[in-house]
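Fold and geometry: a report
So you can see what is in the structure, the chains are spelled out below.
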Amino acid sequence: MLPEVRGWLRHRTSSAEDWPLRDLKAAKGETTVSVVLPARDERETVGQIVGVIRRELDGLVDEIVVIDSRSSDDTALVARRAGACVHAQDEILPQLKPMDGKGEALWKSLAVTSGDVLVFVDADIRKFRASLVFGLLGPLFADPTVVYTKGCYDRPLHGTANGGGRVTELVARPLINLHWPHLAGFVQPLAGEYAGRRSALERVPFLTGYGVELGLLIDLLELAGLDAFAQVDLGSREHAPQSTEALGRMASQIMLAAWSRLLRQGKIETCHEPSVRLAQFRRGPDGHDILLRDIGIGERPPMITVNAITVAPSNPT
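Residues numbered from 1 in each chain as written. Predicted model: local features only at pLDDT ≥ 70, side-chain atom pairs only at ≥ 80, totals over all residues. Heavy atoms only, no water.

1. Description of the overall build of the protein chain
In terms of regular secondary structure, the protein chain is built from 10 helices and 14 strands. When its C-alpha atoms are laid out on the principal axes, the protein chain stretches across 60 × 55 × 50 Å. Each of the 317 residues in the protein chain was classed as buried or not, and the buried ones make up 53%. Summarising the internal contacts of the protein chain: among those between residues at least 6 apart in sequence, 76% fall at separations of at least 24. (Helix = DSSP H or I, 4+ residues; strand = E, 2+ residues; numbered from the N terminus. Buried < 20%, exposed > 50% of the residue type's maximum accessible area, 1.4 Å probe, protein only. Contact = heavy atoms within 4.5 Å.)

Next comes the structure, spelled out in structure tokens:
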């Protein structure tokens, strides 16, 4: 690990317990905070998450926004009843051709939120705690030079304290250490819980698939430098585990995200375009069936470059 990264770890890593809620409310001042939950078919957890934030973070969080990403269940209704402002992903900036993926929902949230600071939280977290939000705000309130805070935590799975995070260990961490060693100090580079200043987030592009977290780290590093990042230990985080097939698709999109940034930064030369089709196999009655998946990702430009923004009103069904 680079010496400057070791120094960053000592200087910029804290714990949620280091930021008592009463102190954060006092330090908040005129800064406004928006919490954003991208959600697709998360009716089982989204209402509880919104409820905890409303009850325990009143006076700290100014708005809670759920971006409903084409749910087939009543995620939008559950979130609205819990007290969130809900927007359908495809109704935001309707003049633009819709794209798919988590990154699309996060990027579009910039158009329907008003906070100076945005906190992004996954909507599938079980046993949600308010510290998963307020811990991320501490470094941003304490130091105006910090523009982005990333959560880290244990990932319990099947009785093992850190059995989760398989895509991180098998794909993201090797890529980061190989090509962006200044980011090697992040314990959970793909964590879905992070916060940033609008002034920075609106100046970087958003990849539209599961590579959005890796893309933001790389692009914000280029924009602001390592010392503008902070990392907060949030304890532990539980969510429903993904299937191996789903993890394979995520890993593929993260590889594509890394490819796009290596190419943009002039770190590789290429004589071909990577395939965006992933062949997977599943045993059927007559042997192994081939499953072909589209794992292509798109990219949205920095929100600051998008003009004539038109936002449809929130009207969940």
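Having seen the structure, we can now continue with the description.
2. Quick look at the packing of aromatic side chains
Pairs of aromatic rings are described using the distance from one ring centre to the other and the angle between the two planes. This structure, assessed with the given rule, holds five aromatic pairs. Here the aromatic residues W8, F120, Y148, F186, Y194 and F229 are joined through ring pairs into a cluster of three or more. (Phe/Tyr/Trp six-rings, centres within 6.5 Å; stacked < 30°, edge-to-face > 60°.)

3. Side note on the packing of helix α2 (residues 21-28) against helix α6 (residues 131-142)
It is at 10 Å that the axes of α2 and α6 come closest, and there the two elements cross at 45°. Relative to α6, α2 is oriented oblique. Crossing geometry of α2 relative to α6 is assigned as left-handed. Of the residues in α6, those in contact with L21, L24, A27 and K28 of α2 are F134, L137, G138 and F141. Residue composition of the contact of α2 with α6, by class: six nonpolar, one polar and one charged. (Axes fitted to C-alpha atoms, helices over the stretch in contact; angles between N-to-C directions. Parallel < 35°, antiparallel > 145°, perpendicular 65-115°, else oblique. Left-handed = near helix turned anticlockwise from the far one by under 90°. Nonpolar A, V, L, I, M, F, W, Y, C, P; charged D, E, K, R; others polar.)

4. A look at the side chain of R261
You can see R261 is positioned in helix α10 (residues 244-264). A polar contact of 2.8 Å, which involves the side chain of R261, links it to the side chain of E299. Apart from residues no more than four positions distant in its own chain, R261 is found in contact with W180, P205, L207, I218, D219 and E299. (Polar contact = N/O pair within 3.5 Å; in protein donor to acceptor, adjacent residues only side chain to side chain.)

5. Looking at the sheet that holds strand β8 (residues 194-197)
If you walk across this open sheet you meet the eight strands as β1-β10-β7-β8-β5-β2-β3-β4, and the pairing is mixed. Because the sheet does not close on itself, it has two edges, and the strands there are β1 (13-15) and β4 (85-88). Going from strand to strand, the sheet's axes swing by 25° on average, the running direction of each strand aside. As paired elements, β1 and strand β10 (residues 229-236) share three bridges and run parallel to each other. Paired with S14 across the two strands is V232, which belongs to β10. Helix-sheet contacts for helix α3 (residues 46-56) involve β2 (33-39) and β3 (63-68), and the interaxial angle to β3 is about 165°. (Pairing = 2+ DSSP bridges.)

6. Considering the pairing of β2
With seven of seven residues buried, β2 is to be regarded as a mostly interior element. By the alternation rule, side chains of β2 split into V33, V35, L37 and A39 and S34, V36 and P38, which are all buried. Pairing of β2 with β3, which is carried by six bridges, proceeds in the parallel orientation. Note that in β3 the partner of V35 across the bridge is I64. Crossover β2 to β3 through α3 is right-handed. (Right-handed = clockwise from strand over helix to strand, strands pointing away.)

7. Comments concerning a nonpolar patch on the surface
Together, F281, I290 and L292 line one region of the surface with nonpolar side chains, adding up to about 340 Å² of accessible area. Within the secondary structure, F281 is located in strand β12 (residues 277-284). The class for F281 is exposed, based on a relative accessible area of 53%. (Patch = residues over 30% accessible without salt bridge, like charges linked within 9 Å, V, L, I, M, F, W, Y side chains within 5 Å. Areas by Shrake-Rupley, 256 points an atom, 1.4 Å probe, with all protein chains shown as cover. Salt bridge = Lys/Arg side-chain N within 4 Å of Asp/Glu carboxyl O.)

8. Overview of the environment of M99
Examined against the element boundaries, M99 turns out to sit in the loop between β4 and α5 (102-112). We classify M99 as partly exposed; its relative accessible area is 25%. Between the C-alpha atoms of M99 and G209, which are 110 residues apart in sequence, the distance is 9.2 Å.

9. Topic: the nonpolar core
Core analysis: the biggest nonpolar cluster contains 49 residues, and Y148, L183, L201, F206, L216, L220 and F229 have the highest contact counts within it. For this core, the secondary structure elements donating two or more residues are α1 (3-12), β3, α5, β5 (117-120), α7 (166-179), α8 (198-201), α9 (212-224) and α10. Element by element, the count of residues in this core is highest for α9, at seven residues. When near neighbours in sequence (up to four residues on either side) are disregarded, L216 contacts Y148, Y194, V204, P205, F206 and L221. Counting residues in each nonpolar core, the second largest holds 44 residues, with I53, A76, F128 and L140 among its members. (Core = buried A, V, L, I, M, F, W, Y, C linked by side-chain atoms within 4.5 Å.)

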